[in-house]
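Fold and geometry: a report
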Amino acid sequence: MTTVGILGGGQLARMLALAGAPLGLRFKVMDTSAEACAGQFAPMVVGDYRDDAALAEFASSVDVATFDFENVPAESAQWLAERFPVFPSPRALAVAQDRLAEKTLFRELGIPVPDFAPIDTREDLDAALARVGVPCILKTRRLGYDGKGQFRIRSLADADAAWAALGEQAATVGLILEGFVAFDRELSVVAVRGRDGEFRTWPLTENWHVDGVLSASLAPAVADDVLTATAFDYARALAEALDYVGVFALELFCRDGELLANELAPRVHNSGHWSIEGSETSQFQNHLRAVLGLPLGDTRMVGHACMLNWIGAMPDAGPVLAEPGGHWHDYGKSPREGRKVGHATLRADGVADLGHALERVGRALGREAQVAPVIARLG
Ligand code: AMP
């Protein structure tokens, strides 16, 4: 019996455990909160990732470990990697944890990125503003997610406010200034690389964010072959450079037909949730196959899929369940503003049917604004 340890016990760990059940896997999760929702499906160690005793308790009876959460301290990941296989490797994790290291690697690999500059002091900010120009975004280098730890600078007059908001964190998590990309759309590549180097991608996905949080994903994205091949080439180059094992997502901005890399998420990703029903093999199943050294499954699509995120509180399930291709995922979390509590995936054989299903669900749930950009894209 193989036990997979997962650091972080949120919905990603929960969906990994659900996907691993048919493979006969056992799971053990570790989280700082006793409420973490993967704890409803797997034994959980509650403790700080820096607490040696808690980490040792987690490590006992685990055969291989992976992550639902990338901000696990690098030393903790390293400590585990000295005891059993840990995928992705602590090195890949370290790069993806730091926006500066990540953007530097993108650039080295010839992957276009928005202009950026590391910021350690207020003077650095002034110098970088002069070089990068406005509008731009000041971000924490580490520990930011879903638009948190970011300050949008619209004009030079905002510099003081940006520093007041984030300056203190220059000494702790570090800061980076990035040029603001007036993108036409946001895309992501969700990809998997096996222990033997086999590499597969799911179809290119288009994503819509509201207040920095993913709201909807459409797969396959409406995109031409050249754009798609370029996005896949970038993902492959990254996976090979990092000797990556497991699933990751590369988030991209698309501006005037050009792709710019935003970030690398070293784990299964929200923009790949549609793959549970929309693909021959889901991102969760393939992540487990990759970390266990099993053959990877086919990533081809089964029709067209749109995932809608539920933020804050779950809506009524009825309208989605009434759809022929409607699938419901309630993460078992208590409602809280801004929290990802669940998602739905609508799947259909053709784009017209998918559009109609989105219209019905959007209307029934009063979520017209959430589905509107997807419907517009489907034409
Ligand atoms: P992040 O946490 O870096 O993924 O940012 C969350 C969201 O904020 C992105 O998906 C974009 O919608 C927006 N965003 C982040 N960085 C930029 C940028 N440099 N230019 C434009 N929008 C951005």
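What you see is a predicted model, and the numbers here were worked out from it, not measured in a lab. (Residues numbered from 1 in each chain as written. Predicted model: local features only at pLDDT ≥ 70, side-chain atom pairs only at ≥ 80, totals over all residues. Heavy atoms only, no water.)

1. Observations regarding the site of the ligand
Formally: For this description, a residue counts as near a given molecule or strand if any of its non-hydrogen atoms is within 4 Å of it. The term polar contact refers here to a pair of N or O atoms within 3.5 Å; inside protein, the definition further demands a hydrogen-donor-capable atom paired with an acceptor-capable atom, and it admits residues adjacent in sequence only when both atoms are side-chain atoms. Only the protein chains shown count as cover for residues, and all accessible areas are computed by the Shrake-Rupley method using a 1.4 Å probe.
Taken together, 17 residues are adjacent to the ligand, and Arg99, Lys139, Val181, Glu186 and Glu263 come closest. Contact distances for the ligand include 2.8 Å between a nitrogen atom and a side-chain N or O atom of Lys139. Backbone polar atom of Gly179 to a nitrogen atom of the ligand: 3.0 Å apart, as the coordinates give it. About the coverage of the ligand: the protein hides 93% of its 470 Å² of free accessible area.

2. Observations regarding the pairing of strand E1 (residues 3-7)
Strand residues, when the strand is regular, have side chains that alternate between the two faces of the sheet. Basically, it comes down to this: Each residue is placed in one exposure class: buried if its accessible area under a 1.4 Å probe, protein chains only, is under 20% of its type's maximum, exposed if it is over 50%, and partly exposed if it falls in between. Helix and strand definitions here come from DSSP, where helices need a minimum of 4 consecutive H or I residues and strands a minimum of 2 consecutive E residues; each element is numbered from the N-terminal end. Think of it like this: strands point away, you trace from the first strand over the helix to the second, and a clockwise trace means the crossover is right-handed. Two strands form a pair only when DSSP identifies at least two bridges running between them.
Taken across its five residues, E1 has five buried, putting it largely inside the fold. Burial along E1 is two-sided: Thr3, Gly5 and Leu7 and Val4 and Ile6, pointing in opposite directions, are all buried. In terms of handedness, the path from E1 via helix H1 (residues 11-20) over to strand E2 (residues 26-31) forms a crossover that is right-handed. Sheet analysis places E1 next to strand E4 (residues 64-67), joined by four bridges and oriented parallel. Within E4, the residue paired with Gly5 across the bridge is Ala65.

3. As for the pattern of salt bridges
Rules: By definition here, a salt bridge exists when the distance from a side-chain nitrogen of Lys or Arg to a carboxyl oxygen of Asp or Glu is within 4 Å.
Evaluated as defined, the whole model comprises 22 salt bridges. A salt bridge links Arg141 to Asp98; the shortest N-O distance between them is 2.8 Å. A residue pair is termed long-range when its members are at least 10 positions apart, and Arg141 in the loop between strand E6 (136-140) and strand E7 (150-153) and Asp98 in the loop between helix H4 (90-97) and helix H5 (99-108) qualify at 43 residues. For the residue pair Arg141 and Asp98, the accessibility class agrees, reading buried in each case. Residues Glu323 and Arg360 are paired through a salt bridge, measuring 2.8 Å at the closest nitrogen-oxygen approach. Residue Glu323 is found in the loop between helix H11 (318-321) and strand E16 (326-330), and its partner Arg360 is found in helix H12 (residues 351-365); the two are separated by 37 residues along the sequence. The class of Glu323 is buried, set by a relative accessible area of 9%. Overlapping salt bridges, with partners in common, bring together Asp98, Arg141 and Arg142 in one network.

4. Brief notes about the environment of Ala229
One can find Ala229 in helix H8 (residues 225-241). On the basis of relative accessible area, Ala229 is assigned to the partly exposed category, the value being 38%. Between the C-alpha atoms of Ala229 and Leu204, which are 25 residues apart in sequence, the distance is 9.3 Å.

5. Describing the domain arrangement of the protein
Selection rule: The split into domains, and so the bounds of each, comes from an automatic or database assignment of domains. Residues count as neighbours in contact if any of their non-hydrogen atoms are within 4.5 Å of one another. Once two parts are joined, some of their accessible surface, as seen by a 1.4 Å probe, is lost; buried area is that loss totalled over both.
You can read the domains of the protein as domain 1 (3-86), domain 2 (115-179) and domain 3 (185-378). Placing a centre on the C-alpha atoms of domain 1 and another on those of domain 3 gives a separation of 24 Å. Taken together, the 20 residues of domain 1 in the interface contact 19 residues of domain 3. Summing the contributions of domain 1 and of domain 3, the shared interface buries around 1,700 Å²; its carbon and sulfur component is 70%. One can count one salt bridge joining domain 1 with domain 3. For Arg267, the salt bridge is made with Glu70, and the minimal N-O distance between the two is 2.5 Å. At the surface where domain 1 touches domain 3, the tally comes to seven residue pairs in polar contact (both at pLDDT 80 or more). Those elements that place two or more of their residues in the side of domain 1 that touches domain 3 are H1 and E4.

6. A short note on the pairing of strand E11 (residues 205-210)
Relative to E11, strand E9 (residues 185-193) is paired through three bridges, and the arrangement is antiparallel. Considered in E11, the bridge of Glu186 is made with Asn207. Here E11 pairs with strand E12 (residues 213-219) via five bridges, running antiparallel. Following the sheet pairing, Asn207 is matched in E12 by Ser217. The antiparallel pairing of E11 with E12 creates a hairpin that spans two residues between the two strands, and Asp211 there sits at a positive phi of about 50°.

7. Looking at the sheet that holds E7
Stated precisely, the cut-off is as follows: Helix axes use the C-alpha atoms of the stretch in contact, all axes being lines fitted to C-alpha atoms, and the angles between their N-to-C directions lie in the range 0 to 180 degrees.
Within the open sheet, the four strands sit side by side as E5-E8-E6-E7. Their pairing is antiparallel. What marks the edges here is a single partner per strand, and that holds for strand E5 (116-119) and E7. Put simply, the sheet's adjacent strands are angled 20° from each other on average, direction ignored. Inspection of the sheet shows E6 paired to E7 by four bridges, in the antiparallel sense. Along E7, the bridge assignment pairs Ile137 with Arg152. Each of E5, E6, E7 and strand E8 (175-179) touches H5; the most contacted strand, E5, lies at about 150° to it. Lying on the sheet, helix H6 (residues 122-132) is in contact with E5, E6, E7 and E8; it crosses E5 at an angle near 175°.

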